[in-house]
Structures are given as C-alpha cells and as structure tokens.
Amino acid sequence: MDERARIARIAELLAARADGVDVGIGDDAAVLTAPGNGKLVWTIDEQVEGVHFRRAWLSWRDVGWRSFMAAASDLAAMGASPWCALASLVLPGDVDDAALEAIVGGQRDAAAEVGAPVVGGNLARGAALSLTTTLLGRCERPVLRSGARPGDGLWMAGDVGMAAAGMRALELGRGDEPLFARAVEAWRTPRALVAEGRHMARTARAAIDVSDGLARDAAHLGEASGVAIVLDEAALLDEGSLVDLARALGADPLALALHGGEDYAVVVSAPSPILGFRHVGDVRDGSAGGRLFLRSATGERPIEPGGFDHFGRGLAW
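Residues numbered from 1 in each chain as written. Predicted model: local features only at pLDDT ≥ 70, side-chain atom pairs only at ≥ 80, totals over all residues. Heavy atoms only, no water.

Asker: Which parts of the structure should I look at to understand helix α9 (residues 240-249)?
Answerer: Note on helix geometry: an α-helix contains 3.6 residues per turn, so any two residues three or four positions apart are oriented the same way. Within α9, burial applies to Leu242, Leu245, Ala246 and Leu249. For α9, the angular spread of the buried residues around the axis is 100°, confining them to a single face. Summarising the contacts, the buried residues of α9 are in contact with α4 (162-171), α5 (181-188) and α10 (253-259). Looking one or two places after α9, you find Gly250, whose phi comes out positive at around 70°. (Buried < 20%, exposed > 50% of the residue type's maximum accessible area, 1.4 Å probe, protein only. Helix = DSSP H or I, 4+ residues; strand = E, 2+ residues; numbered from the N terminus. Arc of directions from axis to C-beta. Contact = heavy atoms within 4.5 Å.)

Asker: Any chance you could explain the nonpolar core here in plain terms?
Answerer: One broad trend across soluble globular proteins is that nonpolar side chains are buried collectively. With 94 residues, the main nonpolar core has Phe68, Met200, Ile229, Leu231 and Val268 as its most contacted residues. Other than its neighbours up to four places away in sequence, Phe68 contacts Ala85, Gln107, Ala110, Ala111, Val114, Ala116, Val118, Thr133 and Leu135. In terms of nonpolar packing, the next biggest core, distinct from the first, is built from six residues, Ala18, Cys84, Val119 and Leu136 among them. (Core = buried A, V, L, I, M, F, W, Y, C linked by side-chain atoms within 4.5 Å.)

Asker: I keep staring at the sheet that holds strand β5 (residues 118-125) and nothing clicks. Help me out?
Answerer: Through backbone hydrogen bonds, the strands of a sheet pair up, either in parallel or in antiparallel fashion. Sheet architecture is open: four strands sit in the order β3-β6-β4-β5, paired in mixed fashion. The strands lining the two open edges of the sheet, one partner per strand, are β3 (39-48) and β5. Sheet twist, expressed as the mean angle between neighbouring strand axes with direction ignored, is 15°. Against the sheet, helix α2 (residues 60-78) engages β3, β4 (81-91), β5 and β6 (130-139), with an angle of about 30° to β6. Lying over the sheet, helix α3 (residues 97-114) contacts β4, β5 and β6, oriented at roughly 170° with respect to β4. (Pairing = 2+ DSSP bridges. Axes fitted to C-alpha atoms, helices over the stretch in contact; angles between N-to-C directions.)

Asker: Even after reading the chapter, I still don't get the side chain of Ser269, so can you show me in this structure?
Answerer: Tracing the chain through its elements places Ser269 in strand β10 (residues 266-270). On the basis of relative accessible area, Ser269 is assigned to the buried category, the value being 0%. Here Asp152 takes part through its side chain, which lies 2.6 Å from a polar atom of the side chain of Ser269. In contact with Ser269, not counting residues within four places along its chain, are Ala148, Arg149, Asp152, Gly153, Ala204, Arg205, Ala206 and Val283. (Polar contact = N/O pair within 3.5 Å; in protein donor to acceptor, adjacent residues only side chain to side chain.)

Asker: Looking at this structure, how should I read the pairing of β5?
Answerer: Remark: a regular strand shows side chains that alternate across the two faces of the sheet. Here β4 runs beside β5; their pairing, made up of seven bridges, is parallel. Of the residues in β5, the one forming a bridge with Ala85 is Val118. A crossover links β4 with its parallel partner β5, the connecting element being α3, and its sense is right-handed. (Right-handed = clockwise from strand over helix to strand, strands pointing away.)

Asker: Just checking my understanding: could you explain the pairing of β10 for this structure?
Answerer: Here β10 lies mainly inside the structure; five of its five residues are buried. Burial along β10 is two-sided: the face carrying Val266, Val268 and Ala270 and the face carrying Val267 and Ser269 are both buried. Inspection of the sheet shows strand β7 (residues 153-157) paired to β10 by five bridges, in the antiparallel sense. Counted as the bridge partner of Trp155 is Val268 from β10.

Put into structure tokens, the structure is as follows:
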C-alpha cells in the first residue's frame, strides 16, 4: 500500500474514540475538549530498533504493544488516568503491510487495555524502525518525583528484575524454555500499572516508574526530593523465582533487580503502607551526602545508580 492507503488502514484499525475527542485520525491534527477540572498530564516515549529492542525477539504485535505501554507507565507514576494518544511510526522498507497492521494492532490492544485510544499521529519512511507515543492523561493531583520526605517508607507495585531476566534468556537463545516463560513475557509484553498509580495518588508524596533500572530511577527520585533513598536487599529478593531464574542464567539476582530496567514497576514515597504496594526501603535525610544506599544483613553501603543510559551505555542489552 502507498502512504495514503496505509494511513486509511491505520485509521480503520484505530477507530475508537475517547470522550472529549472532537476530531481524531484523518485531519491535520486531533481536536480535544479539555475537561473542566483537574490537570492534564502529557508524556512522550520513543522505542527505536537497535536501542530498545531487537526485532528477532518480538512479534510485530509485541513491538506495538510495548511501545504504547512504556508511555502509559509514565502516566501511572503520576497517578493519572490515560485519556488519548498520538503515535508516530517511522518504517524501514522491509516493514510490509502485514507487519504494519500487526504493529498497529499491538498499539490498539495496549490502548484499549489502559483506556486511551490513539486519535492521531504521523507515518514516515526511515532507516530504522521507530515508534513514538505521545500520551495525554488526566488527574486531580499529579504525583511528582520531588515530594519525598525523610521518614517516609519506599513502596513498590510490580516486580523488578524479571524483564531483565527475560531479555538475558532471549540473548542466550533460551527464551523458548518453559522456565523463562514468565520473564520473557515480562520483557515482551509489559503492562503499565495504571490502576495502582491511581490508587497510590491518594496518599503518595512522590513517585517514579522503573524504566531504566530500580537503582537509577530511585536515585532520580532522591535527587528531585533532596533526600537519600535506602533500598532493602531482602525485600528486593523476597520473590524466590527471580533468584532461581538468575541462577539458571548465571546472573546475579540483585544486579537484575537493581539495574535491569524495563520493569515498569511503580515506586512511591509515602508515610504509611499502600494497598497493593510492598515495602522495599526507606527515605531519610540526605544532607550528609549520598543519594542511594543498600541495606543488607551485613549492614548498609552506598551503591551506584547504574541502569540504562541512552548516552552512556548505548544499547539496552
């Protein structure tokens, strides 16, 4: 199909509308009616082949799904409800019409999962496959990274380390082994914790989603709030399956949990427990220096906020 036919087919696949969307796909831009109360929360996320994923490890539907969920996770961490989205696709010449339909189908399914249909976007030819998702959400009070206070607990919804274990299994050619099925699924088809995000917004003082690795993202929260973060090793490894998977892969389970990335868990600072979140550390005064520490049975030590860095480590694997 040519560009015009492809855009028409995308519009057909993404036909759903959200409340407040006056004009969707088919015009020069989408037209929205802003809600009368609350805040609008916008985010943008790009997934680039060779940086965020390898095509050989994913179905075309997975490519579309995970690109949308990565953006939705940002809204979850703000306590926002997704409303609608824009999607930009850059396609190399070897992405045929069937592949495009599968990619868009993955976007559509992810959008339906979080309740935010794609209402517009752009389509272009390029050297590498790239998907950019702009997502708009609504909330009464956005939860920022900057509100953590000494004495708060650090609470987490979701798992850390599983996606990294799944990627390691794929890298080693062991992704089809039943032992790694859950971990591979965590990497291929992550889910943004939107409901958990809305729930924590009632009491959380600060929040962040875990996309670049727990250590790196927890350090971001600590820096934005001017506090120190103390992570609890035992709490991070209390799920035995990660330890077992790491052992089978010849990996360090703590390294997977701290530095793996792409988990899309939600970590929050709050003065009291939150239903659906488990205690993984604490917040304390940061005036003595240092932003990130690890507490274990043998004591406490500072750790580096290692994780994925687009301009430091380059590739995600």
